[in-house]
Amino acid sequence: MADAVIPPAVLRNLSDKLYEKRKNAALEVEGIVKSLAAAGDHEKISMVINLLTNEFTSSAQANHRKGGLIGLAAATVGLTTEAAQHLNQIVRPVLDSFVDQDSRVRYYACEALYNIAKVVRGDFIVFFNHIFDALCKLSADSDPNVQSAAHLLDRLVKDIVTESDQFSIEEFIPLLRERMNVLNPYVRQFLVGWITVLDSVPDIDMLGFLPDFLDGLFNMLSDSSHEIRQQADSALSEFLQEIKNSPSVDYGRMAEILVQRAASLDEFTRLTAITWINEFVKLGGEQLVPYYADILGAILPCISDKEEKIRVVARETNEELRAIKADPAEGFDVAAILSIARRQLSSEWEATRIEALHWISTLLNGHRVEVLSFLNDIFDTLLKALSDPSDEVALLVLEVHACIAKDLQHFRQLVVFLVHNFRNDHSLLEKRGALIIRRLCVLLDAERIYRELSTILEGEADLDFASIMVQALNLILLTSSELSELRDVLKQSLVNSAGKDLFVSLYASWCHSPMAIISLCLLAQTYQHASTVIQSLVEEDINVKFLVQLDKLIRLLETPIFAYLRLQLLEPGRYTWLLKALNGLLMLLPQQSAAFKMLRTRLKTVPSYSFSGDQVKRTSSGNPYSQILHDIPCGSQISEDGDVNQDVGTSNLHNGINFTSRLRQFAQMQHQHRMHAKVQAQSRNSSASSSKDVQRSEEPGHQLPLDNSEPPSRSSRKGPGQLQL
């Protein structure tokens with residue numbers, strides 16, 4: 001029937017290999033359809049369209065398919081205003097031809113659809129998604145001619161969409177979102193072009209759907225093509241400006257995308273993401289409260305970024321975020337933010353670790369109860385941070401610890417954990433011990449810290465560690481400017497109760513080290529007891545460790561801290577026990593050591609006179625101490641202030657301090673240390689003997705000597721590190 005409508009000659013020309021014959025045949029088809037439309041014979045028009053579709057566009061012959069496409073476009077032109085009712089018949093076969101294996105057929109499909117679109121204009125919108133999908137594929141076509149034809153068609157479709165009131169953005173967005181992750185550069189250009197065009201249409205709210213394709217735009221910022229990066233950046237900049245001017249924006253969904261992109265390996269992507277986050281923090285308000293933890297997780301690493309621009313924006317954003325006052329009732333997740341800060345304490349970058357600590361401090365100041373409820377989750381991490389290679393980080397950690405330790409319960413926990421860490425990591429005590437103790441003394445009160453440490457160390461089972469720890473604490477006490485007030489209190493041990501209580505509190509743990517006890521007595525001006533302690537030392541006590549500590553003490557005696565002690569030497573009659581104590585130390589030092597020469601030189605400067613009542617007697621002896629000691633009546637004792645007392649008695653009480661009991665306490669502790677040293681020495685000797693026996697048993701033909709007895713080893717009677725004679 002359709003064959004009767006269209007002459008056979010026209011049909012032959014429509015499938016001819018020559019373009020001119022096909023074109024002329026299409027003009028004939030246009031005229032036939034126009035006359036049928038004028039007559040209102042739409043049945044025959046449908047027959048013509050079906051003929052062009054079935055016999056031509058679906059043909060196996062490429063020229064037939066080309067003729068069919070030209071014929072369909074011509075039929076649409078012939079229909080003019082009445083094309084809408086036949087549009088579905090016409091457009092479907094054209095769209096199918098976009099995937100034809102012959103590039104020329106694809107080209108003619110673009111040309112045909114272009115002509116069809118020019119005729120139907122707005123009626124074309126119902127096929128928009130299908131056309132968009134086809135154009136998206138053709139934009140990356142392998143044939144440049146097809147690409148060029150697709151671009152022409154694309155521009156026309158954009159014009160139609162921008163002037164149409166039937167375009168549905170809701171139906172289009174899922175299609176756009178699906179295509180946004182395509183990597184082909186031509187497709188990316190095509191997509192950005194459409195996003196830009198649609199965003200320019202006042203009646204289309206692209207900003208409301210921005211979260212659906214925002215990630216794809218950010219993905220394009222790292223494209224290898226400079227042009228694509230530039231187009232994506234331009235589109236993002238435009239959207240950011242719209243966000244600033246819009247009263248209603250879905251910050252939450254976009255924040256999730258930005259957080260991920262802030263960790264991109266591409267520098268430009270990171271900078272753009274962190275810039276957006278910065279604006280969101282300023283603009284987002286309450287909407288962003290549930291996302292603070294995620295945002296913080298993105299900001300903290302960027303604070304240490306290698307690119308300065310990123311670091312600057314990240315720091316500004318961090319300050320903005322920290323300045324916002326949010327409440328857990330509003331969705332502010334303290335636990336999540338605390339977790340982020342704790343995780344960033346393990347960052348390889350110092351600046352990030354510092355800011356993480358500032359966040360923990362901020363949370364403690366604003367949400368102390370909530371933070372302390374999660375203390376078990378962060379305490380170990382904070383303690384490990386004390387070993388941080390950065391002093392600034394370590395000091396900030398101490399400030400956090402001090403803030404936590406304002407409560408008595410957590411104060412005790414802090415000191416216990418601190419001692420535990422020192423015990424397990426001696427390098428921490430060696431490298432950071434002084435810094436940690438000094439800083440805590442400033443932040444939490446020196447006396448409180450020292451009393452608590454002394455209480456813990458008094459019952460310490462690891463005697464070697466206890467001795468090392470006490471020696472470290474003693475050195476800090478004697479040298480640190482932060483502990484000057486504590487030293488002043490101890491100097492009053494024989495005068496007031498505060499000094500006495502502190503002296504007694506420290507004494508129990510200081511017993512772990514003979515030199516620490518002697519130093520404490522010199523500091524507290526309990527010179528008689530210092531002399532008694534020195535006299536009580538036995539052979540095993542005078543080892544290398546003791547002599548090293550003694551050397552340090554002799555050098556400290558020459559510092560301004562012990563200026564009061566050196567001035568007391570101007571009154572040898574009053575401070576006889578001081579002279580006796582110093583002389584005792586001198587006798588313990590090897591004569592060729594620098595410390596011996598230093599102390600002997602100091603003692604030679606002591607004035608050669610003593611007090612006896614009100615009379616000053618000058619001694620003729622070259623030894624300034626002999627006459628002093630000679631002048632003391634038999635059976636008398638000299639108190640710590642130098643006054644001669646007859647028959648003081650055996651209790652040895654001064655300001656309530658029972659020095660006899662203290663001396664017994666010291667002796668018992670040192671006995672424990674000596675026994676511990678012997679056990680260790682025996683264990684080492686046993687291990688060495690076992691090794692030798694194994695070695696001998698493995699030596700072939702080795703004969704045991706007739707007499708294998710050996711003299712007792714001297715080392716078995718000495719502590720570790722003791723001098724061998």
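Every value quoted in this text rests on a predicted model; they were computed, and no experiment measured them.

The rules behind these values
Along each chain, residue indices are assigned from 1 in the same order as the chain's sequence is written. Totals for whole chains, interfaces and linings use every residue, but because this is a predicted model, local features are given only for residues with pLDDT of at least 70 and side-chain atom pairs only at 80 or more, for both listing and counting. In computing side-chain values, all of the structure's heavy atoms are included and hydrogens and water are not. For the purposes of this entry, the term helix denotes a DSSP run of H or I that reaches at least four residues, the term strand denotes a run of E that reaches at least two, and both are numbered from the N terminus. Note on contacts: a residue pair qualifies if any of its non-hydrogen atoms lie within 4.5 Å across the two residues. Relative accessibility decides the category of a residue: with a 1.4 Å probe and only protein chains considered, values under 20% of the type maximum give buried, values over 50% give exposed, and everything between is partly exposed. Note on definitions: angles span 0 to 180 degrees between N-to-C directions of axes, and those axes are lines fitted to C-alpha atoms, for helices only across the stretch in contact. Each angle gets one of four labels, with under 35 degrees taken as roughly parallel, over 145 as roughly antiparallel, 65 to 115 as roughly perpendicular, and the rest as oblique. In this scheme, a crossing is called left-handed if the near helix is turned counterclockwise away from the far one by less than a right angle; it is called right-handed if the turn is clockwise. Residues are sorted three ways: Asp, Glu, Lys and Arg are charged, Ala, Val, Leu, Ile, Met, Phe, Trp, Tyr, Cys and Pro are nonpolar, and all the rest, Gly among them, are polar. By salt bridge we mean one thing: a side-chain nitrogen of Lys or Arg within 4 Å of a carboxyl oxygen of Asp or Glu. The definition of a nonpolar core used throughout is a set of buried Ala, Val, Leu, Ile, Met, Phe, Trp, Tyr and Cys residues joined through side-chain atoms within 4.5 Å.

Trainee: Provide a residue-level description of the overall build of the protein, including the pertinent values.
Mentor: A count of helical and extended segments in the protein gives 36 helices and 6 strands. Taking contacts inside the protein between residues at least 6 apart in sequence as the whole, the part at least 24 apart equals 70%.

Trainee: Please give an account of unusual backbone geometry that cites residues and values.
Mentor: Within the chain, Thr80 stands out as a residue other than glycine whose phi angle is a positive 50°. Looking at where Thr80 falls in the secondary structure, it is placed in the loop between α5 (62-79) and α6 (87-96). Positive phi values are uncommon outside glycine, yet Gln525 reaches one of about 65°. Along the chain, Gln525 falls in the loop between α29 (514-524) and α30 (527-536). The class of Gln525 is buried, set by a relative accessible area of 18%.

Trainee: Pulling in residues and values, what's your account of the packing of helix α9 (residues 144-163) against helix α11 (residues 185-200)?
Mentor: Between α9 and α11, the shortest axis-to-axis distance is 11 Å and the interhelical angle comes to 15°. With respect to α11, the element α9 is oriented roughly parallel. The way α9 lies across α11 gives a crossing that is right-handed. Facing α9, whose interface residues are Gln147, Asp154, Val157, Lys158, Val161 and Thr162, α11 presents Tyr186, Phe190, Gly193, Trp194, Val197 and Leu198.

Trainee: Account for the packing of helix α7 (residues 103-120) against α9, naming residues and giving values.
Mentor: One way to put it is that α7 packs onto α9 with a least axis distance of 9 Å and a crossing angle of 20°. Between α7 and α9, the angle is such that the two are roughly parallel. In terms of crossing hand, the pair formed by α7 and α9 is left-handed. Facing α7, whose interface residues are Ser103, Arg106, Tyr107, Cys110, Leu113, Tyr114, Ala117 and Lys118, α9 presents Asn145, Val146, Ala149, Ala150, Leu152, Leu153, Leu156 and Ile160. Class assignment of the residues belonging to the contact of α7 with α9 gives a composition of 12 nonpolar, 2 polar and 2 charged.

Trainee: An account of the pattern of salt bridges is needed here, citing residue identities and associated values.
Mentor: Per the stated rule, a full pass over the model turns up 32 salt bridges. Note that Arg322 and Glu355 form a salt bridge whose closest N and O atoms lie 3.2 Å from each other. Note that Arg322 is positioned in helix α17 (residues 308-323) and Glu355 in helix α19 (residues 350-366), a separation of 33 residues in sequence. Comparing Arg322 with Glu355, the two get one shared label, buried. Here Glu460 makes a salt bridge to Arg423, at a shortest N to O gap of 2.8 Å. Placement of Glu460 in the loop between α25 (446-458) and α26 (463-479) and of Arg423 in helix α23 (residues 408-424) is noted, with a sequence separation of 37 residues between them.

Trainee: Run through the nonpolar core, naming residues and quoting values.
Mentor: The tendency in soluble globular proteins is for nonpolar side chains to be buried side by side. Membership of the largest hydrophobic core comes to 232 residues, with the highest contact counts inside it found for Trp276 and Tyr450. Excluding residues that lie within four positions of it along the chain, Trp276 makes contacts with Leu210, Leu214, Phe218, Leu236, Phe239, Leu240, Ile243 and Leu258.

Trainee: Any details on the environment of Leu395? Residues and values, ideally.
Mentor: By secondary structure assignment, the location of Leu395 is in helix α22 (residues 391-404). Its relative accessible area of 28% is what places Leu395 among the partly exposed residues. Between the C-alpha atom of Leu395 and that of Leu435, which follows or precedes it by 40 residues, the distance is 8.1 Å. Among residues more than four places away in sequence, those in contact with Leu395 are Leu435 and Arg439.

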